[in-house]
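Analysis of the macromolecular model
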Amino acid sequence: MIITADLVYYKPESVEELIQCVTALSDKGVRFTYYSGGTEIVSALRQNKLQTDALVDIKGVQALTDITETNDEWVIGAAVPLNQIIDQMPDSLLAKVCGKIADRTIRNVLTIGGNLCGRLPYREAVLPLIGMDVEVVVLREGQLIRKKLSEIFDKRMLLTNNALLYQIILPKRAFKWNFHRRFTESIGVDYPTVHMVAMATENQVTIGLSGFASFPVYKMMPIDEFNSIKHSLEALVDGLIHQAKTDERCSAEYRVHLLKTALTEWLEVVS
Amino acid sequence: MNEMQQIGKSPLRKEGPDKVRGSIRYANDDHSAHMLHGALKTSPHAYARIIKIDYSEALKQPGVKAVITGEDFNQNLGLYLCDKPPIAREVVRYYGEVVAAVVASTYRQACKARDLIKVEYEVLKPVLSPVEALAEGAPVIHEHMADYSHIPPIHPEPGTNIANRTRIRKGDIEVGFKNATHIIETEVHIPPGDHVAMEPRIAIAEIKSSGDILITSSTQAPFVVKGLMSTFFKIDPGKLVVKAPLVGGGFGGKAGIQLEGLAYILSKRVGGRTVKLVNSREEDLVTSPGHIGLSAKVKMGADAEGKLTAMDLYYAFNSGGYADYAVNVSRAAAISCTGPYRVDNVSCDSLCVYTNLPFATAYRGFGHIEMGFAIESGMELLAKSLNMDPAKFRRINAIKPGDTTPGQSKLNRSTGDLETCLLRVEALLGGNIGEVIKLDEYRVLTKGISGLWKAPAMPTNTDAGAIVTFNADGSVNVHTGVVEIGQGTKTGLAQIAAEMFKLPLDKIHVELEVNTRISPSDWATAASRGLMMAGVALIEACEDAIAQFKQTASEVLRVPPRDLVVADGRVFVEDEPEHGLSMSQIALGYVYPNGNAIRGQVIGVGKYIAKGLTDIDPLTGEGHPDLEWTLGAEGVEIEVDLRTYHYKINKAVCCIDVGKVVNPEMARGQIIGGMAMGIGYTVFEGFKWNTRGQISNDSLRDYKIMRMTEAPKYEVEFLESPQYDGPFGARGLGEQSVIGMPGAIANALSHVAGTTVSQIPITPERLWKKAQEVKR
């Protein structure tokens, strides 16, 4: 199998060129796809599962491949490879979550934007980001717009009209506690059957799950509510259990068991 | 006996430097402008009638030279049973089966055209397990089985889905079970899966105007390809030239006839122009054959002392849509059906069953890994029932010289020492086999053990040959028909020649590629017999050459040949070493000082053919099809997390009796490679499919094989009970270490689960489910 589609490949070298390129393609009615790491796109094209006429490679734009650090936050370009996040921000929860995805070699190519915006339903990088209620920058119709990630993410990224996830703004914040546990069917380098990320700020507790349902799911509650139910596993999983899916890797029943195991482990850490 | 200079040492592979620097040219590494390229259209259905194929659009595409469907070729091919059309005709029998092929100037053009072929199917309900296939009223997947030609040792049953039935009847199991104080019954299930060799399959075919047909293929068996193509396509065998360059892993998957026949048909269609056919990874996984599956029932009995009295065995092998090597796999499993244990009363029915899943060919272990899983599960249960240590139970039943196999073939003194292998494995694991040791609140440690054996399953006239020629400096060129598939046989053969001539290894030049017009005939590089057979032939060729050197030197030096010695590049008088000639003076003919030349070049010839082999009786399985048995034992130590039943294999150990270790590092590599493959087979691999029989893990994102991070600590020990008719006493070892892994792993985990673990792959979820069953 080979990529038989007749594709045109563009690699703009600045934001201005990127905007021009996208505008020109839209005006001509050409279907295009943003190309970041490319691993998903290459697989999909091989199997004729992606219909597109052009690839716009975003890795030529510096802002998209940089991680910039200030006193209060990290600004991460959408085309930053996961290894760069892991190596530059090793103590962050995001780095720890990303470090479980695929393996080191592939993580040289996997990008955070690709993980969040791709077609695969796991989107594991979103788990800590939603929990931290981060903001992102989106490039839409030539404008850079700052928004809450939660406004444009529900099960998957909801970017319309050729909008592009541009940067992720990660606040440097201390957590009360954070925890993550990732299970796979057998071998470690695989999609997750259950990836649980749990974190608490001063006010809120968030439990995020990837691989458990057909898309990432969350349970958020004020910290007081959490403290009142934290001794009850059943109360904690309430609202989540019914979303467990069965697929070729894992049954819903076992997913629920893995979730309870992860929660139990987390609660031991918390107390 | 003098200490050996080469045998028992571990020189680097001959092709090693080129391999690691990337300068080996595998079959797909040569491109030429005149080559045309094929692309395959495959079926998305597991079982369907082909109603119509419309390739009119495909034919119009740029670069396209031809499109072929099953209508264009009205014949079946097959190794033992002719059941398979190269392109599906009228019906497709598995997901991924080829329904059409396109030839174009470039691969991309061929693929683009292929995507425009429209196929109309009438989808049928697929049969997805041997149990289903054998049930009353099951659809008959091969309706015309009665018309299929086959070799006499295969017994298909038309009107059913049974491609072959092999029977073993030894002693009397009724008496055997009557004398048993303990009887157990269990069953196991293994899905079909794939070899996942690093190099996908490729075949290149060209028909010359002279009538010569040139085939280049990533094959383990160039002479099998030559023989089958000659028979089926009615080609004069002298006109067929099959070339096998270095192969990037075969594991049995490349030991039959694969893409070669199809490439030839395509070439013929375009007037004999060179056509290259390469599998994509997905095609290599599913379209080309993989390994067989098994559903087995075993019943075993032992007396109060723990001696086995009877085994009643039922093996239903899952061959998929076609039978290929699988009919011989099921037969081989019957011949070895008891595992390496002495059992006087045996009944075995081993069936090769068609289903609508990807079809099976040879795989490392050739039925023994599947059969081994069934037997070792049974042995573990029986040991438990007897309240006996699992290692001890196997030791007291270990087969010995003088005992008979299930086919009543007597084991001769070239039999390995299984008892010691089991003792060593037990020691390497630190004893306590069967005990579950608590490590902390959540984790336990468990150990499992298994015995293994295998004899090559091959035709009674399996043969090998060797030719040695010389260079002006007296160095040696070695020609055999063995393919280098990564197993290092070429280097082993070089060591044998170096030992025979008493020359350093760098004076031995082994031809790495095989060409059926030049190389001596060799059955196939499979069945763990390459070094053994070609090695024996090579020793004979070296002896032949040495005799020629001595004959010439005798004339020139005026001494009898018996007083001469060949060593260190010279031929000299044993008790007067200064009185001699260099090999270089003789190798290409000796020239006297006055110019007279005598004797000509030295060419050494050697051959090997399996001795005394017979087919087996169709009713009892009695016979002597087994050339030599390699016996061994394996064990694992596994850590299990009781919260989720995720587990890690810490240690995998093997003690195997190989007769003679020719190259210790390579032998160790082979054993570890087999263990790694066996672990992958047991823990991660196997096809998955939906209710329509469509394979869901037909890409490497989803078909998982073992990685370095999952590798346990390996420990390997060799015993050397000589193989009297092997080269320097060596016997085969390429496959065996894969065989004991499922049994050892499943046995270890069953102690933790509290019940037999009978389904492969053993995922944590399956283990957890078993444990839940026990708790209820």
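Predicted model, so just to flag it, every value in this text is computed and none were measured.

Facing the 34 residues of chain A at the interface are 30 residues of chain B. Buried surface at the junction of chain A and chain B, both sides included, amounts to about 2800 Å², of which 47% is carbon and sulfur. We note a salt bridge from Arg643(B) to Glu265(A), for which the minimum N-O separation is 3.7 Å. Taken together, chain A and chain B are joined by 25 residue pairs in polar contact (both at pLDDT 80 or more). Secondary-structure elements contributing two or more residues to the side of chain A that touches chain B are α2 (39–46) and α12 (252–270) of chain A. Top element by residues in the side of chain A that touches chain B is α12(A). It accounts for seven residues.

What follows is about the sheet that holds strand β10 (residues 213–217) of chain B. Whenever strands of a sheet pair, they do so through backbone hydrogen bonds, lying parallel or antiparallel. Residue and element names in this part refer to chain B. The mixed open sheet is built from eight strands, whose spatial order is β3-β5-β1-β12-β9-β10-β11-β21. Looking at the sheet topology across the chains shown, the edges are occupied by β3 (64–69) and β21 (514–515). As judged from the three bridges shared by strand β1 (residues 36–42) and strand β12 (residues 275–278), these two strands associate in the parallel manner. Its bridge partner being in β12, Leu36 is matched across the sheet by Val275. Against the sheet, helix α3 (residues 107–114) engages β1, β3, β5 (98–104) and β12, with an angle of about 30° to β1. Packing against the sheet, helix α6 (residues 222–232) makes contact with β10, β11 (240–244) and β21, and its axis sits at approximately 155° to β11.

Residue and element names in this part refer to chain B. Here seven bridges tie strand β29 (residues 647–657) to strand β30 (residues 713–719), and the two strands are oriented parallel to one another. The residue of β30 that forms the bridge with Ile656 is Phe718. Once you follow β29 into helix α16 (residues 664–683) and on to β30, the crossover reads as right-handed.

Residues Met196(A), Trp266(A), Tyr315(B), Phe470(B), Phe501(B) and Ile745(B) are the most contacted members of the largest nonpolar core, which totals 248 residues. Ranked by the residues each element gives to this core, the list is headed by helix α14 (residues 530–557) of chain B, at 14 residues. Among residues more than four places away in sequence, those in contact with Met196(A) are Phe179(A), His180(A), Arg181(A), Ile207(A), Gly208(A), Leu209(A), Leu259(A), Ala262(A), Leu263(A) and Trp266(A). Ranked by size, the runner-up nonpolar core spans 56 residues in total, among them Cys21(A), Leu25(A), Leu116(A) and Ile169(A).

Residue and element names in this part refer to chain A. On domain assignment, one finds that chain A holds domain 1 (1–172) and domain 2 (177–270). Spacing between the C-alpha centres of domain 1 and domain 2 amounts to 26 Å. Each partner contributes residues to the interface: domain 1 has 20 residues there, and domain 2 has 19 residues. Here domain 1 and domain 2 share an interface that buries about 1900 Å² over both sides, 68% of which is from carbon and sulfur atoms. Looking only at domain 1, the three residues that lose the most surface to domain 2 are Lys100, Tyr122 and Leu127, adding up to 37% of its buried area. At the junction of domain 1 with domain 2, the criterion picks out one salt bridge. Here Arg182 and Glu124 are joined by a salt bridge, their closest N and O atoms 2.6 Å apart. At the boundary of domain 1 and domain 2, one finds five residue pairs in polar contact (both at pLDDT 80 or more). Taken together, the elements giving at least two residues each to the side of domain 1 that touches domain 2 come down to α5 (93–98) and α8 (126–131). Top element by residues in the side of domain 1 that touches domain 2 is α8. It accounts for five residues. Among the residues forming the side of domain 1 that touches domain 2, the class breakdown is 13 nonpolar, one polar and six charged.

Residue and element names in this part refer to chain B. Applying the stated rule across the entire model yields 20 aromatic pairs over all chains. Ring geometry for Tyr80 versus Tyr325: centroids 5.7 Å apart, planes at 65°, classification edge-to-face. Linking Tyr80 in the loop between β3 and β4 (91–92) with Tyr325 in the loop between β14 (308–320) and α9 (326–335), this pair joins segments that are 245 residues apart in sequence. Residue class for Tyr80 comes out buried when judged on its relative accessible area of 11%. Since its relative accessible area comes to 3%, Tyr325 is described here as buried. Ring centres of Phe470 and Phe501 lie 5.6 Å apart, and the angle between their planes is 90°; this geometry places the pair in the edge-to-face category. With Phe470 in strand β18 (residues 463–470) and Phe501 in helix α13 (residues 489–501), this residue pair connects regions lying 31 residues apart in the sequence. Residue Phe470 is classed as buried on the basis of its relative accessible area, which comes to 6%. For Phe501, a relative accessible area of 0% translates into the label buried.

Parameters and conventions
Residues numbered from 1 in each chain as written. Chains lettered and ligands numbered in written order. Predicted model: local features only at pLDDT ≥ 70, side-chain atom pairs only at ≥ 80, totals over all residues. Heavy atoms only, no water. Contact = heavy atoms within 4.5 Å. Buried area = accessible area lost by both parts, 1.4 Å probe. Salt bridge = Lys/Arg side-chain N within 4 Å of Asp/Glu carboxyl O. Polar contact = N/O pair within 3.5 Å; in protein donor to acceptor, adjacent residues only side chain to side chain. Helix = DSSP H or I, 4+ residues; strand = E, 2+ residues; numbered from the N terminus. Pairing = 2+ DSSP bridges. Axes fitted to C-alpha atoms, helices over the stretch in contact; angles between N-to-C directions. Right-handed = clockwise from strand over helix to strand, strands pointing away. Core = buried A, V, L, I, M, F, W, Y, C linked by side-chain atoms within 4.5 Å. Buried < 20%, exposed > 50% of the residue type's maximum accessible area, 1.4 Å probe, protein only. Domains from an automatic or database assignment. Nonpolar A, V, L, I, M, F, W, Y, C, P; charged D, E, K, R; others polar. Phe/Tyr/Trp six-rings, centres within 6.5 Å; stacked < 30°, edge-to-face > 60°.

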